[in-house]
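Spelled out, the chains give:
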Amino acid sequence: MASEKQFKSIKGTKDLLPEEAARMRSAGATIHNVMNCWGYGEIRTPVFEQTELFARSVGEESDIVSKQMYTFSDQSGTSLTLKPELTAPVMRAYIEHDMGRGGASTKLYYLDTLFRQERPQKGRLRQFHQFGAEAIGSPHSEQDAEIVALVYTILTELGIEDMTLHINSIGSDDSRNAFRQALVEFLAPYKKDLSETSQRRLETNPLRILDSKSEDEQELLQGAPAILDYLDDEDLAHYEDVKHFLERMNIPYTENKMMVRGLDYYTRTTFEITSPHVGAQDALCGGGRYDNLIEDLGGKRTPAVGFAAGIERILLALGEKTQSTDESKNLLYVAATTHEAREQALTVAMILRAQGNTVHFDALRRSLKAQLRDANRLNASHCIIIGEDEMKSKSAQVKSLSSGEQESVPIDSLAALFMPQQ
Ligand code: AMP
C-alpha cells in the first residue's frame, strides 16, 4: 500500500537537479583550473571534526560557534561538529601532517560542503558550498595581495562583473589591544543603549560590535575611534603595501574601516567582496590574515592568509549569465526500432560516447516518432536511426534535427562522422 507520507528535504538544504548541478560543476572546473595555475594544491578534510577545534579557533563568541554549529555526540561520547568553515580543519591538517617542514610556504585550496544552522533566506542555506585558499608561511604584504588577487581572478573568470572589494586592517596584537581599549572607553557611557548581545560583547569581544546590524548602534559607532588610527608603523606599512600591490595588479578596492569580520582569528588584513545582485546577504567572499591561529591550535607560530567564497551566492549573482560550459560538442540521440537494432544502437552509443560525445538512448521501446520527439526535446543535433533495413545494410540513417536532412551512413563510418572538435 502506498504510504501517505511525502518526504521533503530539510529546511535550508537544497537538491541540485541536473541543470543546476551542471552550473555548479562548471564553476568548480573553473575554480580547480585557476587554483592550479596559481600553484595552489587541493586539500580535502573530513566532514566532521572535534567540536573543540572550532570553539578554539573561530571563537566562542562568534555567531558560528555560539549558535550555528551542527554538533552531536558519537557513540563514545566525543562531541563532533559538521564543518561550518574550512580554515580550522585545514590548519589542523597542516599541523598534523607537518606540512610546513622545510620552511617553504604551503599553498592549499578547497572546494567543499559546509553546514551552518542559520535562518534560511535568499543566499543563506544550512548546507552550502565554499571554495577557498590558504597561503601558509609568509608574513609579507605581497602574500595578502596575491590571495586577494586570486579570488578576484576566479570571480572574474566565473563571470562576476560588478563586485566591490572592501579592505581594512585590524592590526597586529598590540595595535588591536590599544584600539580595543579605546573602543570600550568610547562605548562604556552608552552601554545601556546597546543590545543585549553588544553589551555582552563589550566584555568579551568588543570589536565584534562594529559588525552590528542595528541601525541605532551603527549611528552611535559613527563617532567611534577608527582602528586605522591605532595601527603601529609596521601594521600601517603592511597595509599600505597591500593596497599598493593591488593597485599594481589593477584590482580596484574600497577601504572600509568598520569591517572587522565575524571570526576571532584575524590579524592585520581583512577583506570582503560584495555583489549588488544577491539581496541582503551580499558577501560573496571573506578573508584575511591570521598570524596567531596555527600557534593557537598547537602548531609552531606560522603566519597565514586566506579567503572563503560561497558558491551558491556566486551563482545567484551570475543569474542568467551562468551556463554550464562542460557540454560536449555533439549531443546525439540513437533511436532503434527492433530488438536487434537496439543491440546495435547500444554498441554504437558506447563507441560515440567513448569519443566524448553525449549520446542519449531510449530504453522505453517507444515508436520511432516518439523517439524523434524525445530527441528534439533533449536538443540533440542529430538522431541516428537504426531499423530493420539498416540492420541488413549495416548502416544507419543520420537525421539532422535542425535541417531535417537525412542520409544513410555505414555503421563503421559513424565514429569518424561524430569526432568531437578539440
Ligand atoms: P564566512 O566563512 O562566514 O566568512 O563566509 C564566506 C562566504 O561563504 C560568504 O561570503 C558567503 O558567500 C558564503 N556563505 C556563508 N554562509 C553561508 C550560508 N549560510 N549559505 C550560503 N553561503 C554562505
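Everything that follows concerns the structure shown earlier in this document.
Here we summarise the structure given alongside this text. None of the values given here were measured: they were computed from a predicted structure.

1. Here's the deal with the pattern of salt bridges
Part 1 of the argument: Overall, the coordinates contain 22 salt bridges when judged by the stated rule.
Part 2 of the argument: Here Asp63 and Lys67 are joined by a salt bridge, their closest N and O atoms 3.7 Å apart. Taken as a pair, Asp63 and Lys67 lie in helix H3 (residues 63-68) at a separation of four residues, close to a single helical turn.
Part 3 of the argument: Notably, a salt bridge pairs Arg366 with Asp374, separated by 2.7 Å at the nearest N-O pair.
Part 4 of the argument: Residue classification places Arg366 among the partly exposed residues on the basis of a relative accessible area of 29%.
Part 5 of the argument: Three or more residues joined by partner-sharing salt bridges are found here, namely Asp63, Lys67, Arg201 and Arg208.

2. Some remarks on a nonpolar patch on the surface
Part 1 of the argument: Together, Val47, Phe48 and Phe72 make up an exposed nonpolar region whose accessible area comes to about 260 Å².
Part 2 of the argument: Within the element layout of this structure, Phe72 appears in strand S3 (residues 71-73).

3. Some details on the site of the ligand
Part 1 of the argument: Taken together, 14 residues surround the ligand, and among them Arg116, Glu118, Leu125, Gln130 and Arg261 come closest.
Part 2 of the argument: A distance of 3.1 Å is found between an oxygen atom of the ligand and a backbone nitrogen or oxygen belonging to Leu284.
Part 3 of the argument: One nitrogen or oxygen atom from the main chain of Gly310 is found 3.2 Å from an oxygen atom belonging to the ligand.
Part 4 of the argument: Coverage of the ligand by the protein chains reaches 91% of its 480 Å² of free accessible surface.
Part 5 of the argument: Of all the secondary structure elements, the ones that give two or more residues to the shell around the ligand are strand S6 (127-136), strand S10 (283-289) and strand S11 (304-310).
Part 6 of the argument: The biggest single contributor to the shell around the ligand is S10, with three residues.
Part 7 of the argument: Partitioning the shell around the ligand into residue classes produces six nonpolar, three polar and five charged.

4. Concerning the environment of Leu158
Part 1 of the argument: Note that Leu158 resides in helix H5 (residues 141-158).
Part 2 of the argument: For the pair Leu158 and Asp412, spaced 254 residues apart in sequence, the C-alpha to C-alpha distance is 41 Å.
Part 3 of the argument: Not counting residues up to four positions away in its chain, the partners in contact with Leu158 are Ala27, Thr30, Ile314 and Leu318.

5. With respect to helix H1 (residues 18-37)
Part 1 of the argument: Here H1 contains 20 residues, and its C-alpha end-to-end distance of 28 Å stays within 8% of the 28 Å for a straight helix at 1.5 Å per residue.
Part 2 of the argument: Looking at H1, one finds that the buried residues are Ala22, Arg23, Met24, Ser26, Ala27, Gly28, Thr30, Ile31, Val34 and Met35.
Part 3 of the argument: Tucked into the core, H1 has its buried residues touching strand S5 (106-115), S6, H5, S11 and helix H11 (311-318).
Part 4 of the argument: Where H1 terminates, the next one or two residues include Gly39, which has phi positive at roughly 80°.

6. Side note on the sheet that holds strand S4 (residues 79-82)
Sheets are built from strands that pair by backbone hydrogen bonding, the pairs being arranged parallel or antiparallel.
Part 1 of the argument: Spatial strand order, S2-S4-S3: three strands in an open sheet with antiparallel pairing. With one partner strand each, in any of the chains shown, strand S2 (48-50) and S3 form the two edges of the open sheet. This sheet shows a mean twist of 35° between the axes of neighbouring strands, independent of strand direction.
Part 2 of the argument: Here three bridges tie S3 to S4, and the two strands are oriented antiparallel to one another. Bridge assignment links Phe72 to a residue of S4, and that residue is Leu80.

Reading the values: rules and limits
- Residues numbered from 1 in each chain as written.
- Predicted model: local features only at pLDDT ≥ 70, side-chain atom pairs only at ≥ 80, totals over all residues.
- Heavy atoms only, no water.
- Salt bridge = Lys/Arg side-chain N within 4 Å of Asp/Glu carboxyl O.
- Helix = DSSP H or I, 4+ residues; strand = E, 2+ residues; numbered from the N terminus.
- Buried < 20%, exposed > 50% of the residue type's maximum accessible area, 1.4 Å probe, protein only.
- Patch = residues over 30% accessible without salt bridge, like charges linked within 9 Å, V, L, I, M, F, W, Y side chains within 5 Å.
- Areas by Shrake-Rupley, 256 points an atom, 1.4 Å probe, with all protein chains shown as cover.
- Near = heavy atom within 4 Å.
- Polar contact = N/O pair within 3.5 Å; in protein donor to acceptor, adjacent residues only side chain to side chain.
- Nonpolar A, V, L, I, M, F, W, Y, C, P; charged D, E, K, R; others polar.
- Contact = heavy atoms within 4.5 Å.
- Expected span 1.5 Å × (residues − 1).
- Pairing = 2+ DSSP bridges.
- Axes fitted to C-alpha atoms, helices over the stretch in contact; angles between N-to-C directions.

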